[in-house]
Amino acid sequence: DQQVKQNSPSLSVQEGRISILNCDYTNSMFDYFLWYKKYPAEGPTFLISISSIKDKNEDGRFTVFLNKSAKHLSLHIVPSQPGDSAVYFCAARGFSGTYKYIFGTGTRLKVLA
Amino acid sequence: KAGVTQTPRYLIKTRGQQVTLSCSPISGHRSVSWYQQTPGQGLQFLFEYFSETQRNKGNFPGRFSGRQFSNSRSEMNVSTLELGDSALYLCASSYGTGDMNTEAFFGQGTRLTVV
């Protein structure tokens, strides 16, 4: 069963506008969340993270929001640029004896010039 | 500082064969995790090694195995390959294990095609 879900497989946004990528999780014990960006033929690269004790973390154009009661996190990119076009994965850290990261299925973002 | 290096980048194998993939983590990183990426399935966790010990394992059959050497380099082996094993295999290294709030750095992956 998919504990981390990205229900939108793709998203298209106009350059300069806001991109909002969503991620839902089912395990309330997840305590740390990350976003990765992946270009074709490359491995995922770390983008931004947030601890479960916070509800917002900002880094330049990227902001991650965490809503623990809704078990939902989102990544906002403002303003969106064509170079942001990539697949975005959210990941959550859970503990079952040891810590493990569980990834979502990814959302392909296309920023239109 | 060199990144995570995975070899080979591309591989074509026949059903029933076995394959070994290699991963060299970032210098100083002791944790290596392996993931399988297939379309629509995201990154599925295979296993994690830390200081030559397997610390965690995902829900994959026993045909998938791995090991880590004293220099933190890791290998992943898949025996009796099936068509469904065709995927991008990604290796990620981090300084500590998942209980430290450090992100993992991924290699470029090995694209395995089973025919």
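Report on the accompanying structure. Just so it is clear, the structure is predicted and the values come from calculations on it, not from any experiment.

### A word on the overall build of chain A
- What chain A contains, in helices and strands, is zero helices and 11 strands.
- Along the chain direction, N to C, the helices and strands of chain A fall in the order β-β-β-β-β-β-β-β-β-β-β.
- If one aligns the C-alpha atoms of chain A with their principal axes, the spans along those axes are about 45 × 30 × 20 Å.
- For chain A, with 113 residues in total, the buried portion stands at 46%.
- When contacts within chain A are restricted to residue pairs at least 6 apart in sequence, those whose partners lie at least 24 apart make up 54%.
- When the accessible surface of chain A is split by element, carbon and sulfur atoms take 50% of a total near 5500 Å².
- When the 13 basic and 9 acidic side-chain charges of chain A are each reduced to a single mean position, those positions are 3 Å apart.

### Quick notes on the packing of aromatic side chains
- All chains considered together, the criterion is met by 11 aromatic pairs over all chains.
- Residues Phe-103 of chain A and Phe-106 of chain B carry aromatic rings whose centres are separated by 5.9 Å and whose planes lie at 80° to one another, so their mutual orientation is edge-to-face. Taken together, the residues span two chains, with Phe-103 of chain A in strand 10 (residues 98-103) and Phe-106 of chain B in strand 10 (residues 105-106).
- Of the residues examined, Phe-103 of chain A reaches a relative accessible area of 4% and is grouped as buried.
- A ring pair is formed by Phe-47 of chain B and Tyr-49 of chain B, whose centres lie 5.7 Å apart and whose planes are at 70°; its orientation type is edge-to-face. In terms of burial, Phe-47 of chain B and Tyr-49 of chain B fall into one category: buried.
- Each residue in the set Tyr-36, Phe-46 and Phe-103 of chain A together with Tyr-35, Phe-45 and Phe-106 of chain B is aromatic and connected to the rest through ring pairs, giving one cluster.

### As for the layout of surface pockets
- Taken as a whole, the second largest pocket holds about 360 Å³ of empty space.
- As for the second largest pocket, its lining consists of 19 residues, and the residues nearest its centre are Val-87, Phe-89 and Arg-108 of chain A together with Gln-37 and Pro-39 of chain B.
- Sorting the residues of the lining of the second largest pocket by element identifies strand 9 (86-96) and strand 11 (107-112) of chain A together with strand 4 (31-38) of chain B as the ones contributing at least two each.
- Its residues assigned to classes, the lining of the second largest pocket comprises eight nonpolar, eight polar and three charged.

### Examining unusual backbone geometry
- That bond from Val-78 of chain A to Pro-79 of chain A is cis: its omega, -10°, falls within 30 degrees of zero.
- Among the secondary structure elements, Pro-79 of chain A is positioned in the loop between strand 8 (72-77) and strand 9.
- For the bond from Thr-7 of chain B to Pro-8 of chain B, the omega torsion is -10°, close enough to zero to count as cis.
- Inspection of the secondary structure assignment puts Pro-8 of chain B in the loop between strand 1 (5-7) and strand 2 (10-13).

### Regarding the environment of Leu-73 of chain A
Residues and elements named next belong to chain A.
- Locating Leu-73 in the fold gives a position in strand 8.
- On a C-alpha basis, the gap between Leu-73 and Phe-33 in space is 8.4 Å, while along the polypeptide they are 40 residues apart.
- What Leu-73 contacts, discounting residues up to four positions off in sequence, is Leu-21, Asn-22, Cys-23, Tyr-25, Phe-33, Trp-35, Val-64, Phe-65 and Leu-66.

Thresholds applied
- Residues numbered from 1 in each chain as written.
- Chains lettered and ligands numbered in written order.
- Predicted model: local features only at pLDDT ≥ 70, side-chain atom pairs only at ≥ 80, totals over all residues.
- Heavy atoms only, no water.
- Helix = DSSP H or I, 4+ residues; strand = E, 2+ residues; numbered from the N terminus.
- Buried < 20%, exposed > 50% of the residue type's maximum accessible area, 1.4 Å probe, protein only.
- Contact = heavy atoms within 4.5 Å.
- Areas by Shrake-Rupley, 256 points an atom, 1.4 Å probe, with all protein chains shown as cover.
- Lys, Arg positive; Asp, Glu negative; His and termini not counted.
- Charge placed at Lys NZ, Arg CZ, Asp CG, Glu CD.
- Phe/Tyr/Trp six-rings, centres within 6.5 Å; stacked < 30°, edge-to-face > 60°.
- 1 Å grid on protein atoms, 1.4 Å probe; cavity = no way out; pocket = protein on both sides within 12 Å on 5 of 7 lines; lining within 4 Å.
- Points joined across faces, edges and corners; volume = space filled by probe spheres on them.
- Nonpolar A, V, L, I, M, F, W, Y, C, P; charged D, E, K, R; others polar.

Any functional reading would require information that these geometric values do not contain.
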